[in-house]
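Here is how the chains run, residue by residue.
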Amino acid sequence: MIEVKKEGILLEKTAFGFESDGVLNPAVIMDKGIIHLFYRAVSKGNYSTIGYCRLSGPMTVEERLENPLLFPQAPFESHGVEDPRIVKIDQLFYLTYTAYDGINSLGALATSLDLEQFDKKGILVPCLTFNEFAHLSESKSPLNEKYLRYNDPKSIHDKNDSQIFVWDKNLVFFPRKIQGKFFFLHRIKPDIQIVVVDSLEELTPNFWQNYFLNLGKNILLSPLHEHEVSYIGGGCPPIETDEGWLLIYHGVHDTVKGYVYSACAALLDLENPQNELARLPYPLFSPDLEWELKGQVNNVCFPSGALVIDDTLYIYYGAADEHIACASVSVTSLLKELLQHRYQGLLN
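Not measured: the values here are computed from a predicted model.

Student: Can you explain the pairing of strand S11 (residues 182-187)? Please cite residues and give values.
Tutor: In the case of a regular strand, side chains alternate between the two sheet surfaces. Extensive coverage of S11 is indicated by the burial of six of its six residues. Going residue by residue along S11, you find Phe182, Phe184 and His186 tucked away on one face and Phe183, Leu185 and Arg187 tucked away on the opposite face as well. Note that strand S10 (residues 169-173) and S11 share three bridges and pair antiparallel. Bridging across to S11, Val172 finds its partner in Leu185. The pairing of S11 with strand S12 (residues 192-197) spans five bridges and is antiparallel. Note on S12: the bridge partner recorded for Leu185 is Ile194. Between S11 and the antiparallel strand that follows it, S12, lie four residues.

Okay, here's the thing in C-alpha cells:
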C-alpha cells in the first residue's frame, strides 16, 4: 500500500454569502512561482460560483478574494458554475467547469492570458437528449446497462422534454498538446471518456454524433475494482512523468450508508494516452476523517487539483462537499507502486 499523508483542511466556508454553505473541488496551478487556487463556492440554495485564493506554499493561504471570480452569466449556467480544473497550454490558461442551469449539468470552458480576466467559450460537451444518446451509442452494440440506468432522465428529473440533456461533467484537459492535438477527458456515467481533436472548433454537433456512434472506442477507463464499482470520473489534470501520464481520478461505490467517493490513481501511455498502462487496485485515499465523513454530502474525497513540488504530489480535494483539503504522496513511490499493477489486458 502506498503511504499518503493527509495534510488537513486548507479552506473552510466563510460568512460571505457566496460561500456560506461550503467550499470544495478546487483547481490549482503554479505559474511563475505563484500557486493559484480556484474553488467552487456554494451559497444557500446550492448556487455555485468560483472563488479564488493565492497560496505562498502548498498549505499556506496568502490572499483570498472576498467576492467570486467567476459567476453565472448565461442561461446554461444560471444555477451555478461548479468544479473548476485548470491547465496552461502554450501561453493560454484553460479553465474548465461544470455549467448548471438547474436541470442540465454540462462541461464548459473559459480561457485567460493572466488568470484575472476570463473569456467564457461556452459548453464544449454535447447537448444530447437521452433518447438521442441511446440511439447513437447503441447503434453498433448494446450499451452497458449502467449508461441507461444512470442517464435516463426519469431517474434524475420529474421532467422529460427536449431541453433535458445527458449530464456530461468532469471536463479535464491534458496540460499540453500531444502530437499537435488537444486531449481532454469528460464523463458520462459510469465511465471516463476521452476526446482527441486538432482544434476545439471541431466540436460540432456532427462531431459528437460520430463520436457516440463509436462510443466504445472513446471510453478511456471503466470501473474495475470494488472501490470504483458504481462509477468513476475525471479528477485532477493528468501529470506528465517519465513513466506516463499520472491520472488522479475519483471512484465511487455504493454502500448501506450511500455512495463513497475515493481518490484513485492510474497511469496512461505518454504518447498515446488512450492506452491505460496501470491502475491501483485500491483507493489512493478514502474518507476516514470526521470532516470527510460528515458534511453537506457525507463520505466524499473528490480530487480535482494537483501540484508537484520536487518529488511530492499535493492533491487538493473536496471533503464532504464542505471543505477543501490536501493530501500528499511521493511521486516516485506512487509510480513504483502503479508499475506493480500493470494491466496488459486493458490496453486499447
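Student: Which residues make up empty space enclosed by the protein, and what are the values?
Tutor: Evaluated as defined, the whole model comprises one cavity of 30 Å³ or more. One number sums up the size of the largest cavity: a volume of about 30 Å³. Along its surface, the largest cavity is lined by Pro126, Leu128, Phe133, Val166, Asp168, Ile188 and Phe212. Class assignment of the residues belonging to the lining of the largest cavity gives a composition of six nonpolar, no polar and one charged.

Student: Any details on the packing of aromatic side chains? Residues and values, ideally.
Tutor: Under the criterion given, the structure shown has 21 aromatic pairs. An angle of 65° between the planes, with centres 5.9 Å apart, marks the rings of Phe174 and Phe183 as edge-to-face. Each member of the pair, Phe174 as well as Phe183, is classed as buried. Between Tyr261 and Phe302, the aromatic rings sit 6.4 Å apart at their centres with planes inclined by 45°, giving tilted as the arrangement. Linking Tyr261 in strand S17 (residues 258-268) with Phe302 in strand S19 (residues 301-309), this pair joins segments that are 41 residues apart in sequence. A single burial state applies to Tyr261 and to Phe302, both of which are buried. Its end group placed over the ring of Tyr150, Arg149 keeps NZ or CZ at 5.1 Å from the ring centre. Just above the ring of Tyr231 sits the side chain of Lys189; from NZ or CZ to the centre is 4.2 Å.

Student: Now, about the sheet that holds S12: what can you tell me, with residues and values included?
Tutor: Across the sheet, which stays open at both edges, the four strands sit in the order S10-S11-S12-S13 with antiparallel pairing between neighbours. Pairing within the sheet leaves two strands with one partner each, and these edge strands are S10 and strand S13 (219-221). Averaged over all pairs of adjacent strands, the angle between strand axes in this sheet comes to 30°, irrespective of strand direction. Against the sheet, helix H3 (residues 205-213) contacts S11 and S12, and its axis sits at roughly 130° relative to S12.

Student: Explain the layout of surface pockets to me, and be specific about the residues and the numbers.
Tutor: Of the voids in this model, the largest pocket is the one considered here, and its volume is about 890 Å³. If you trace the largest pocket, you find 39 residues lining it, with Arg40, Trp167, Lys169, Tyr261 and Asp321 closest to the centre. Counting residues per element, the ones that place at least two in the lining of the largest pocket are strand S2 (22-31), strand S3 (34-43), strand S6 (80-89), helix H2 (145-151), S10 and S17. Per-class residue counts for the lining of the largest pocket are 17 nonpolar, 13 polar and nine charged. In this structure, the second largest pocket spans a volume of roughly 400 Å³. Lining the second largest pocket are 18 residues, with Ile29, Pro175, Pro238, Ile239 and Ala306 sitting closest to its centre. Contributing elements (two or more residues each) for the lining of the second largest pocket: S2, S6, strand S15 (239-241) and S19.

Student: Break down the sheet that holds strand S1 (residues 5-11) for me, with residues and values.
Tutor: Spatial strand order, S1-S21-S20-S19: four strands in an open sheet with antiparallel pairing. Unpaired on one side and paired on the other, S1 and S19 mark the two borders of the sheet. For this sheet, the mean angle separating the axes of adjacent strands, direction not counted, is 25°. Here S19 runs beside strand S20 (residues 312-319); their pairing, made up of eight bridges, is antiparallel. Its bridge partner being in S20, Leu307 is matched across the sheet by Tyr314. Running at roughly 75° to strand S21 (residues 323-330), helix H5 (residues 331-338) makes contact with S19, S20 and S21 of the sheet.

Student: Quick rundown of H3? Include the residues and the values.
Tutor: Every buried residue of H3 is accounted for by Phe207, Trp208, Tyr211 and Phe212. The buried residues of H3 all sit within an arc of 125° when viewed along its axis, so they share a single face. Residues of H3 that are buried sit in contact with helix H1 (130-137), S11 and S12.

Student: So, H5: which residues are in play, and what are the values?
Tutor: Among the residues of H5, Val331, Leu334, Leu335, Glu337 and Leu338 are the ones counted as buried. What you see down the axis of H5 is that its buried residues fit within an arc of 160°, all on one side. Capping of H5 at its N-terminal end is provided by Ser330; its side-chain oxygen lies 3.4 Å from the backbone amide nitrogen of Thr332.

Scoring rules and cut-offs
Residues numbered from 1 in each chain as written. Predicted model: local features only at pLDDT ≥ 70, side-chain atom pairs only at ≥ 80, totals over all residues. Heavy atoms only, no water. Buried < 20%, exposed > 50% of the residue type's maximum accessible area, 1.4 Å probe, protein only. Helix = DSSP H or I, 4+ residues; strand = E, 2+ residues; numbered from the N terminus. Pairing = 2+ DSSP bridges. 1 Å grid on protein atoms, 1.4 Å probe; cavity = no way out; pocket = protein on both sides within 12 Å on 5 of 7 lines; lining within 4 Å. Points joined across faces, edges and corners; volume = space filled by probe spheres on them. Nonpolar A, V, L, I, M, F, W, Y, C, P; charged D, E, K, R; others polar. Phe/Tyr/Trp six-rings, centres within 6.5 Å; stacked < 30°, edge-to-face > 60°. Lys NZ or Arg CZ within 6 Å of the ring centre and 35° of its normal. Axes fitted to C-alpha atoms, helices over the stretch in contact; angles between N-to-C directions. Contact = heavy atoms within 4.5 Å. Arc of directions from axis to C-beta. Polar contact = N/O pair within 3.5 Å; in protein donor to acceptor, adjacent residues only side chain to side chain.

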